[in-house]
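# Inside the fold
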Amino acid sequence: MVAQTPTVTGRRSGGGRRLLRLIILLGLLAAVLYPLFWMIGTAFKSQEEIVSNIGLLPETFTPGNFSDGWNNFDVSFGRFFLNSALLSLLTVVGNATSCLLAAYAFARLRFRLRGFWFAVMIGTLLLPGHVLMVPQYILFRSFGWVGADWPYLPLLVPQFLATEAFFVFLMVQFMRGIPRELDEAAKIDGASSYGIFRHVILPLSRPALVTTAIFSFIWTWNDFFRQLVFLSDLSDYTVPVALTLFIDSTSQSAVGPMFAMSLLSLLPVFLFFVAFQRMLVEGINTSGLKG
């Protein structure tokens, strides 16, 4: 039997479809990245050019926006970066630790009303965060945490109490995919519930922990509303709150320095995501289990 070779017309049509898909994908990529490129170009434009020039490239290169934005306030903008980094990293630790322990209890331990409390926890996902803001503020103010010497208590303490139901649910679903035969084998070897958690569940939960860390860091770094409510002193502000200070309705706004600092604020999120994305892929590849 003679093998049939593809015709020239078939090869051309296949190549045309691939070229069309490539053009469509490049167009979508350009549409998605255009705001980022525009912000990069605007960070190097003067105040007047930002209003008159809507193009990507600046006509007059103005790198002074970065120094002006960094030193625009009585407090250096580096202080805001340190505040955001501290708050984000502590939130990552709190969410990863508390949500992992809560998920282990729901997924592996047996206790009364486990299904009921799990349903209550899932039900909190239906409540918008803005609805809870007023009662939380009243509660934390009664504790003396609002306006305290260390003002980040209302933002951090709930993260160490497994209040993020999304991450608890994520880890519960991940742990349910781990074979229970591993727990039984550990029990035969004399392991307690803590031993099973320490030597079986914790090492295999690395992908879920990395996912929690990535989203916790990004969400906390970009959070504006909660930080605006609970932070009152300029020296305690985080990056999202500090960026709003460049826009003042009663005086001249510093738009160029604002875009320059906005560009710098993207770097920690980008670097954190890239670093942990590698760990996420490695964790999935090395800890995958077959039932």
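Residue numbering note: each chain is counted from 1, following its sequence as written. Given that the model is predicted, a residue must reach a pLDDT of at least 70 before its local features are reported, and side-chain atom pairs must reach 80 or more before they are shown or counted; all residues, however, enter totals for whole chains, interfaces and linings. The basis for every side-chain value is the complete set of non-hydrogen atoms in the structure, without hydrogens or water.

## Description of the environment of alanine 103
Test applied: Under the DSSP-based scheme used, a helix requires at least four consecutive residues in state H or I and a strand at least two consecutive residues in state E, with every element numbered from the N terminus. We call two residues in contact whenever any of their non-hydrogen atoms come within 4.5 Å of each other.
Tracing the backbone through its elements, the reader meets alanine 103 in helix α4 (residues 77-108). Between the C-alpha atoms of alanine 103 and leucine 170, which are 67 residues apart in sequence, the distance is 8.4 Å. Apart from residues no more than four positions distant in its own chain, alanine 103 is found in contact with Val168, Met171, Val172 and Met175.

## Points about unusual backbone geometry
Operational definition: Buried, partly exposed and exposed residues are distinguished by accessible area as a fraction of the type maximum, computed with a 1.4 Å probe on protein chains only: under 20%, between the cut-offs, and over 50%, respectively.
The backbone of leucine 113 sits at a positive phi, close to 60 degrees, despite the residue not being glycine. Following the sequence through the fold, leucine 113 ends up in the loop between α4 and α5 (114-123). Overall, the relative accessible area of 53% leaves leucine 113 in the exposed class. Its identity as a non-glycine residue notwithstanding, alanine 162 has a phi of 55 degrees, on the positive side. For alanine 162, the position within the fold is in the loop between α7 (153-156) and α8 (165-176).

## Some thoughts on the confidence of the model for the protein chain
Note the threshold: Values of pLDDT, which run from 0 to 100, indicate the predictor's confidence residue by residue.
Mean pLDDT over the protein chain stands at 86; residues scoring 70 or higher make up 89%. Here residues 286-291 scores under 50 on pLDDT; set against residues more than four positions off or in separate chains, the count is seven contacts.

## A closer look at the packing of α5 against α8
Note the threshold: Here, axes are lines fitted to C-alpha atoms. For helices the fit covers the stretch in contact, and angles between N-to-C directions go from 0 to 180 degrees. Under this scheme an angle from 65 to 115 degrees is roughly perpendicular, one under 35 degrees roughly parallel, and one over 145 degrees roughly antiparallel; angles in between are oblique. Note on convention: near helix rotated counterclockwise from far helix by under a right angle means a left-handed crossing. Clockwise means right-handed.
Their axes nearest at 9 Å, the elements α5 and α8 cross at an angle of 130 degrees. The angle between α5 and α8 places the two elements in the oblique class. The handedness of the crossing between α5 and α8 is left-handed. On α8, the residues that touch Phe118, Met121 and Ile122 of α5 are Ala165, Val168, Phe169, Val172 and Arg176.

## Comments concerning the environment of phenylalanine 230
Tracing the backbone shows phenylalanine 230 in helix α12 (residues 225-230). When the C-alpha atoms of phenylalanine 230 and tryptophan 145 are compared, they prove to be 9.1 Å apart, with 85 residues separating the residues in sequence. Other than its neighbours up to four places away in sequence, phenylalanine 230 contacts Met133, Tyr137, Phe140, Val146, Pro151, Pro154 and Leu155.

## Comments concerning the nonpolar core
Applied cut-off: In this text, buried Ala, Val, Leu, Ile, Met, Phe, Trp, Tyr and Cys residues form a nonpolar core when linked through side-chain atoms within 4.5 Å.
Ranked by internal contacts, the top residues of the largest apolar core, which has 41 residues, are Ala43, Phe66, Phe77, Phe80, Val239, Phe246 and Met261. Those elements giving two or more residues to this core turn out to be α4, α6 (129-143), α7, α11 (206-222), α13 (239-243) and α14 (255-286). Considering each element in turn, this core owes the most residues, eight residues, to α14. Residues contacting valine 239, with those up to four places away along its chain left out, are Phe77, Phe80, Phe81, Ser84, Trp221 and Ser265.

## Brief notes about α8
We apply this condition: The length a helix should cover is 1.5 Å for every residue beyond the first. To obtain the arc, one takes the directions from the helix axis to the C-beta atoms.
If you check α8, its first and last C-alpha atoms are 16 Å apart, about what 12 residues at 1.5 Å a residue would give, namely 16 Å. Here α8 has its buried residues at Ala165, Phe167, Val168, Met171, Val172 and Met175. End-on view of α8: buried residues confined to an arc of 160 degrees, all on one side of the axis. Looking at the buried positions of α8, the neighbouring elements they touch are α4, α5, α10 (193-204) and α11.

## A short note on the packing of aromatic side chains
Put simply, the rule is: Aromatic rings from Phe, Tyr and Trp, taking only the six-membered ring of Trp, are treated as a pair when their centres fall within 6.5 Å; an angle between ring planes under 30 degrees marks them as stacked, one over 60 as edge-to-face, and anything in between as tilted.
Tallying each qualifying case throughout the model produces 27 aromatic pairs. A ring pair is formed by phenylalanine 73 and phenylalanine 246, whose centres lie 5.0 Å apart and whose planes are at 55 degrees; its orientation type is tilted. Pair noted here: phenylalanine 73 is in the loop between α3 (64-70) and α4 and phenylalanine 246 is in the loop between α13 and α14, with a separation of 173 residues, a long-range link. Across the pair, exposure class does not vary: phenylalanine 73 and phenylalanine 246 are buried alike. Through a chain of ring-to-ring contacts, three or more aromatic side chains come together here, namely Trp70, Phe73, Phe77, Phe80, Phe81, Phe217, Trp221, Phe246 and Phe272.

## Notes on the layout of surface pockets
Selection criterion: Points on a 1 Å grid, built from protein atoms alone, make a cavity when a 1.4 Å probe fits but cannot get out and make a pocket when they are open with protein on both sides within 12 Å along at least 5 of 7 lines; residues with an atom within 4 Å of a point are the lining residues. Grid points are joined across faces, edges and corners, and a volume is the space filled by probe spheres set on the points. For this scheme, ten residues count as nonpolar: Ala, Val, Leu, Ile, Met, Phe, Trp, Tyr, Cys and Pro. Four count as charged, namely Asp, Glu, Lys and Arg, and the remainder, Gly too, count as polar.
Taken as a whole, the largest pocket spans an internal volume of roughly 880 Å³. Contributing to the lining of the largest pocket are 30 residues, with Gly129, Gln159, Thr163, Glu164 and Arg226 lying nearest its centre. Residue assignment for the lining of the largest pocket shows that the elements contributing at least two residues are α4, α6, α8, α11 and α12. Ranked by residues supplied to the lining of the largest pocket, first place goes to α6 with five residues. A breakdown of the residues in the lining of the largest pocket according to their chemical character gives 16 nonpolar, 11 polar and three charged. In this model, the second largest pocket occupies a volume close to 190 Å³. Lining the second largest pocket are Leu36, Ile40, Leu263, Leu266, Leu267, Val269 and Phe270. Here the lining of the second largest pocket takes five residues from α14, the largest share from any one element.

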